[in-house]
Amino acid sequence: MANQVTASEPSKDRKNSQLELKEKQLHEKSPDKWGVSDSKKLFLIQKWGDGFFDINEKGSVCVKPLKNAPKGPCIVLQDILDEVKAAGISLPLVIRFHDILRARVVEINKTFHNQISEANYRGEYFGVYPVKVNQMREVVEEIVDAGAPFRYGLEAGSKPELLAVLSMPITTGALTVLNGYKDAEYLKLAMLGIRMGRPMVVVVEKFSELPLLLKIADEMKVEPIIGMRAKLQSRGSGKWAASTGDRAKFGLTITEIVQAIDLLKSHQKLHWLKLFHFHIGSQIPDIKTFKEAITEGARIFCKMTKMGVPLEYFDVGGGVGINYEGGHNNTELSVNYGLKDYAMDVVYIVKQICDLEDVNHPHLVSESGRAITAYHSCIITDVFGSVAYLENQSFSTEKKTGEHIIVTNMRDLFHDLQAHNIRQTYNDALSVKEESISAFKLGVLDLEERAKVETMFLQTIKKIIEIEKDTEEKSVDTEALTAAYSQQYLCNFSVFQSTPDTWGIGQILPIMPINRLCEKPTIKASMADITCDSDGKIDNFISFSGIKKTTWFHSLNNSPSNPNNKDTQGQALQSENPYYVGIFLTGAYQDIMGDNHNLFGRLNEVHVYCDDDDPNDFYVEEFIRGHSAQQVLSTLQYSPEAMAKNVKSIIDAQVRRGKIRPREGVELCDFYEQSLAGYTYLKHD
Ligand SMILES: *Cc1c(COP(=O)(O)O)cnc(C)c1O
């Protein structure tokens, strides 16, 4: 069962080419035949959405916190935006679905309970939520509340996290597990938790913490539960593979575990050591990694028990992954298992090994974080324009008498371009373009000539892409060419604040328009944010056949027949109806790791709950304003009052010099102060 070898997959290449073919057919579908089901396929929403996200018959993304429960609520994102707008809250916006959070807590607990009873396993399940994954008070409170019937506990990895955890009303009997490096104060806070009547498990991450713990427990006259984290040799292949093995940052080697047992014995405190722990990393793509780690861990557990350690808990850490990519290919961003497969492996492997070793079944502890919070929040941003490198065709490139030969050469290349000379033309165009820049630097070309070369170069690229579109044997890498010259949709958000992992570790999040999904999206584009940083972009997107540099959006002009809706740089201007893009599965890590690059602060937030009696199936429990400019500035030692005073005194001086009229001066000062108090993102009024 659990140890069964997974059936070998059909040859990867064949699978991929089938997917590419299906993808091509979808892209070629005529716009009049396009329907919601095509959008579902294109954006893989049913795969990554895991039942929580869907598209309704009107072509809008909706959220089903109870998945497909009969008559379950279905919340349309646009309805939330309408309500938010009416309350005067602007985008970008974080939407939190508290019911999804609750559903995940229930799901993980029920899954473990079911596996335990099916396997006749003789221990119980004590899950804990590691708060580092999302420490927002409302998130932790919701998890604690939803977990109360299951005695679901919390895990802290630092002093400030422990301070937060101690303030949470967790149910009697639920565990508090403490990881991370600990100093005396951290340990004293743990002892305080014991005095509060809570089972606090102090997990020893480093040998030297043990003597310190013994000393402090003795001083404070409390009996802690000690956990021991092992450095396993089994390791994963994902981004966090370094979380185990000899060079792992945390945990004890086998030698240190034996020494720790001796130390506890010599203090007559071996009975305090009740929990065995390991954590092999986050977003584990392949269930095989878990199988190996659990097997190794269970053996160590049994051997420790046989040495006389009265262990009661077996803690498998976190690491359960999410299908960000919407595939099931165990690439780094997808997983080849579900919660049930995972729970089944934990229960059956521990049972099997304990039975073989004739050791009592321990209680099972898991510390899944990502799997609990990832789904519950999303970010909605508005697209305020686009940069289209290949769309600027209106500039006249007509031949002028006496023009430089470089300009003529580029024109000839463009005109002579045909299917049979693509590669040569492309290479020649690149070198003519280079020549034009050298010539410009030498003062030989003027600005107008350089602009002509630039325009005709882009026209050539565009023509190459068009000719190559339907050829099997491509002369140039049109995929790369299309990506390099694709449009960018300019989105009102900051990658560094809201999706830091897409920048930092190549995380990929599902991204798609939230409306107009009955309509075929025809624009291939990547996303750029509003920071002045060239890294402030997203150019990795999920697709049928793997990660792509661009994804599909609708045209920003609502009526495609209206070419006037563009400015002279080929930038589409925002039309009457704003175009909204959702960034999904942002509830784990993204929410709390963001920084204030360019001083863009935290986003506005709404907390949404299901409501059966509401016509739209929801109510907004809370609007939380994001950071104002002055809040962000204050964290950097600016004083908003002093700033306003400085600006005012300079304006006053201008008034005295007669450069500004007094009334105007007052208005300018007011405007400065309003902006200080305002949202840091772009406003559309
Ligand atoms: C980060 C962490 C977790 C949570 O990991 P996920 O991959 O989010 O499930 C659990 N335990 C420990 C010790 C951690 O450091």
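Residues numbered from 1 in each chain as written. Predicted model: local features only at pLDDT ≥ 70, side-chain atom pairs only at ≥ 80, totals over all residues. Heavy atoms only, no water.

1. Description of the overall build of the protein chain
Working step 1: Regarding its fold elements, the protein chain presents 23 helices and 21 strands.
Working step 2: Structurally, the protein chain occupies a C-alpha span of about 100 × 75 × 60 Å along its principal axes.
Working step 3: Considering the protein chain as a whole, with its 685 residues, one finds that 53% of them fall into the buried category.
Working step 4: When the accessible surface of the protein chain is totalled, it reaches about 31400 Å², and 51% of it is carbon and sulfur. (Helix = DSSP H or I, 4+ residues; strand = E, 2+ residues; numbered from the N terminus. Buried < 20%, exposed > 50% of the residue type's maximum accessible area, 1.4 Å probe, protein only. Areas by Shrake-Rupley, 256 points an atom, 1.4 Å probe, with all protein chains shown as cover.)

2. Some points on the sheet that holds strand β1 (residues 53-55)
Working step 1: The three strands are arranged β1-β2-β3 in an open sheet whose pairing can be described as antiparallel. The sheet is open, and its two borders are formed by β1 and β3 (75-76), each paired with just one other strand.
Working step 2: The pairing of β1 with strand β2 (residues 61-63) spans three bridges and is classified as antiparallel. Paired with D54 across the strands is C62, a residue of β2. (Pairing = 2+ DSSP bridges.)

3. Let's talk about the domain arrangement of the protein chain
Working step 1: When cut into domains, the protein chain gives domain 1 (99-377), domain 2 (405-480) and domain 3 (632-677).
Working step 2: Taking only C-alpha atoms into account, the centre of domain 1 sits 60 Å from that of domain 2. (Domains from an automatic or database assignment.)

4. Quick notes on the environment of K303
Working step 1: Within the fold, K303 resides in helix α11 (residues 287-306).
Working step 2: Note: C-alpha distance between K303 and C354 (51 residues apart in sequence) is 10.0 Å.

5. Description of the side chain of E155
Working step 1: Within the fold, E155 resides in strand β6 (residues 153-156).
Working step 2: There is no salt bridge for the buried E155, and the closest opposite charge comes from K132, which lies 5.8 Å off by N-O distance.
Working step 3: Polar side-chain contacts of E155 include one of 2.4 Å to the side chain of N179.
Working step 4: Excluding its chain neighbours within four sequence positions, the residues that come into contact with E155 are V128, Y129, P130, V131, V165, V177, N179 and E367. (Lys, Arg positive; Asp, Glu negative; His and termini not counted. Salt bridge = Lys/Arg side-chain N within 4 Å of Asp/Glu carboxyl O. Polar contact = N/O pair within 3.5 Å; in protein donor to acceptor, adjacent residues only side chain to side chain. Contact = heavy atoms within 4.5 Å.)

6. A closer look at the confidence of the model for the protein chain
Working step 1: With 93% of its residues at a pLDDT of 70 or more, the protein chain has an overall mean of 90.
Working step 2: Scored below 50 in pLDDT, residues 559-575 makes 25 contacts in the model with residues more than four places away or belonging to other chains. (pLDDT = per-residue confidence, 0-100.)

7. Description of the site of the ligand
Working step 1: Of all residues adjacent to the ligand, which total 15 residues, the nearest are K132, S282, E367, G369 and Y589.
Working step 2: For the ligand, an oxygen atom lies 2.4 Å from a polar atom in the side chain of S282.
Working step 3: Contact between the ligand and R370: an oxygen atom at 2.9 Å from a main-chain N or O atom of the residue.
Working step 4: When the free accessible area of the ligand is taken as 390 Å², the share hidden by the protein chains comes to 93%.
Working step 5: Per-class residue counts for the shell around the ligand are three nonpolar, seven polar and five charged. (Near = heavy atom within 4 Å. Nonpolar A, V, L, I, M, F, W, Y, C, P; charged D, E, K, R; others polar.)

8. Some thoughts on the pairing of strand β10 (residues 273-277)
Working step 1: β10 sits mainly inside the fold: four of its five residues count as buried.
Working step 2: In this sheet, β10 lies alongside strand β9 (residues 225-229) in parallel orientation, the contact comprising four bridges. When the sheet's bridge partners are listed, R229 is paired in β10 with H277.
Working step 3: Sheet topology places β10 next to strand β11 (residues 313-315); three bridges connect them, and they run parallel. Looking at the pairing, F276 lines up with F314 of β11.
Working step 4: Crossover handedness for the path β10 to α11 to β11: right-handed. (Right-handed = clockwise from strand over helix to strand, strands pointing away.)

9. Notes on the environment of G506
Working step 1: Its place among the elements puts G506 in the loop between α19 (500-504) and β15 (511-513).
Working step 2: Under the relative-accessibility criterion, G506 is labelled partly exposed at 30%.
Working step 3: Separated by 32 residues in the primary sequence, G506 and I538 have C-alpha atoms spaced 9.6 Å apart.

10. Considering helix α8 (residues 184-195)
Working step 1: Over its 12 residues, α8 extends 17 Å from the first C-alpha to the last, a length consistent with the 16 Å expected when each residue adds 1.5 Å.
Working step 2: Residues of α8 that are buried: Y186, L187, L189, A190, M191, G193 and I194.
Working step 3: At its buried positions, α8 is contacted by β6, α7 (159-166), β7 (176-178), β8 (200-204) and α9 (209-220).
Working step 4: The backbone nitrogen of E185 has a side-chain oxygen 3.3 Å away, supplied by the residue at the start of α8, namely D183.
Working step 5: Phi turns positive one or two residues past the end of α8, at G197, with a value near 90°. (Expected span 1.5 Å × (residues − 1).)

11. So, helix α12 (residues 339-357)
Working step 1: Helix length check: α12 (19 residues) gives 27 Å between terminal C-alpha atoms against 27 Å at 1.5 Å per residue, within 8%.
Working step 2: Just downstream of α12, D358 is the residue with a positive phi angle, here 60°.

12. Side note on the environment of F496
Working step 1: Along the polypeptide, F496 turns up in helix α18 (residues 495-498).
Working step 2: Judged by relative accessible area, which is 2%, F496 ranks as buried.
Working step 3: Measuring from C-alpha to C-alpha, the distance between F496 and D529 comes to 9.3 Å, with 33 residues separating the pair along the chain.
Working step 4: Setting aside its immediate chain neighbours within four residues, F496 contacts W503, D529, T531, D533, D535, G536, G594, D595 and H597.

13. A look at the packing of helix α5 (residues 98-118) against helix α6 (residues 137-147)
Working step 1: Packing of α5 against α6 brings their axes to within 9 Å, and their N-to-C directions diverge by 45°. Classified by the angle between their axes, α5 and α6 sit oblique to one another. Crossing handedness for the pair α5 and α6: right-handed. In this structure, α5 uses H98, L101, R102 and V105 to contact α6, whose residues at the interface are E138, V139, E142, I143, D145, A146 and G147. (Axes fitted to C-alpha atoms, helices over the stretch in contact; angles between N-to-C directions. Parallel < 35°, antiparallel > 145°, perpendicular 65-115°, else oblique. Left-handed = near helix turned anticlockwise from the far one by under 90°.)

14. A closer look at the pairing of strand β19 (residues 579-583)
Working step 1: Among the five residues that make up β19, five are buried, leaving the element largely enclosed by the rest of the structure.
Working step 2: Residue alternation in β19 divides its side chains into two sets, Y579, V581 and I583 and Y580 and G582, and both sets are buried.
Working step 3: Bridge count for strand β13 (residues 377-387) against β19 is five bridges, and the pairing is antiparallel. Bridge pairing links D382 to Y580 in β19.
Working step 4: For β15 and β19, the ladder comprises three bridges, and the chain directions are antiparallel. From the neighbouring strand, I511 faces β19, where its bridge partner is I583.

15. Focus: the packing of aromatic side chains
Working step 1: Going through the model one piece at a time under the given rule, you end up with 22 aromatic pairs.
Working step 2: Where Y489 meets F553, the ring centres are 4.8 Å apart and the plane angle is 10°; that geometry is what we call stacked. Of this pair, Y489 sits in strand β14 (residues 487-491) while F553 sits in strand β18 (residues 551-553); the two residues are 64 residues apart in sequence, bridging distant segments of the chain. Just as Y489 is buried, F553 falls in that class too.
Working step 3: An aromatic cluster of three or more residues is present, and its members are F112, Y125, F290, Y337 and Y342.
Working step 4: Taking the ring centre of F52 as reference, the NZ or CZ of K67 above it sits at 4.8 Å.
Working step 5: When the ring centre of F414 is taken as reference, the NZ or CZ atom of K463 above it lies at 4.5 Å. (Phe/Tyr/Trp six-rings, centres within 6.5 Å; stacked < 30°, edge-to-face > 60°. Lys NZ or Arg CZ within 6 Å of the ring centre and 35° of its normal.)

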